[in-house]
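Results of the structural survey
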Amino acid sequence: MPANIIWEEAFCGEGANCFRIGTDLEGNAYIAIAGQEDHYLTDTREALRTLIRDIKAGRADHLL
């Protein structure tokens, strides 16, 4: 795992796994399940920004 990931506090739902979002100084973003930060997904901060905007806009509602 890159040593320079700065993890945010976990985002948790009731009875669900908690997710953590992190960033590094090189402009990358990371998503992991809390407690399993060594197994993460990574992409650019812009890709994470787009994902969050799309979720807020309801483009992932069909997954719920």
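As annotated in an unreviewed UniProt entry, the protein chain is DUF397 domain-containing protein from Streptomyces sp. R35.

**Some remarks on the environment of N17**
Relative to the helices and strands, N17 is located in the loop between β2 (11-12) and β3 (18-23). For the pair formed by N17 and T50, sequence separation is 33 residues and the distance between their alpha carbons is 23 Å. The contact partners of N17, leaving out residues within four places of it in the chain, are F11 and I33.

**Side note on the side chain of R20**
Considering the arrangement of structural elements, one finds R20 in strand β3. A polar contact is formed between the side chain of R20 and the backbone oxygen of E8, at a distance of 3.0 Å. Apart from residues lying up to four places away in sequence, R20 is in contact with W7, E8, E9, A10, Y30, I31, A32, A34 and E37.

**Quick look at the pattern of salt bridges**
Side chains carrying opposite charge are able to pair once their charged atoms draw close together. Applying the stated criterion across every chain yields a total of 3 salt bridges. With a shortest N-O distance of 2.9 Å, R20 and E37 are connected by a salt bridge. Taken as a pair, R20 in strand β3 and E37 in the loop between β4 (28-33) and β5 (41-44) lie far apart in primary sequence, 17 residues in all. Between R59 and D54 there is a salt bridge, and its shortest N-O distance comes to 2.8 Å. On the basis of relative accessibility, which here comes to 28%, the residue D54 falls in the partly exposed class.

**A short note on helix α1 (residues 45-56)**
Compared with an ideal rise of 1.5 Å per residue, which puts 12 residues at 16 Å, α1 spans 16 Å between its outermost C-alpha atoms and is within 8% of the ideal. A positive backbone phi angle near 90° is found at G58, which sits one or two residues after α1.

Conventions used here
- Residues numbered from 1 in each chain as written.
- Predicted model: local features only at pLDDT ≥ 70, side-chain atom pairs only at ≥ 80, totals over all residues.
- Heavy atoms only, no water.
- Helix = DSSP H or I, 4+ residues; strand = E, 2+ residues; numbered from the N terminus.
- Contact = heavy atoms within 4.5 Å.
- Polar contact = N/O pair within 3.5 Å; in protein donor to acceptor, adjacent residues only side chain to side chain.
- Salt bridge = Lys/Arg side-chain N within 4 Å of Asp/Glu carboxyl O.
- Buried < 20%, exposed > 50% of the residue type's maximum accessible area, 1.4 Å probe, protein only.
- Expected span 1.5 Å × (residues − 1).

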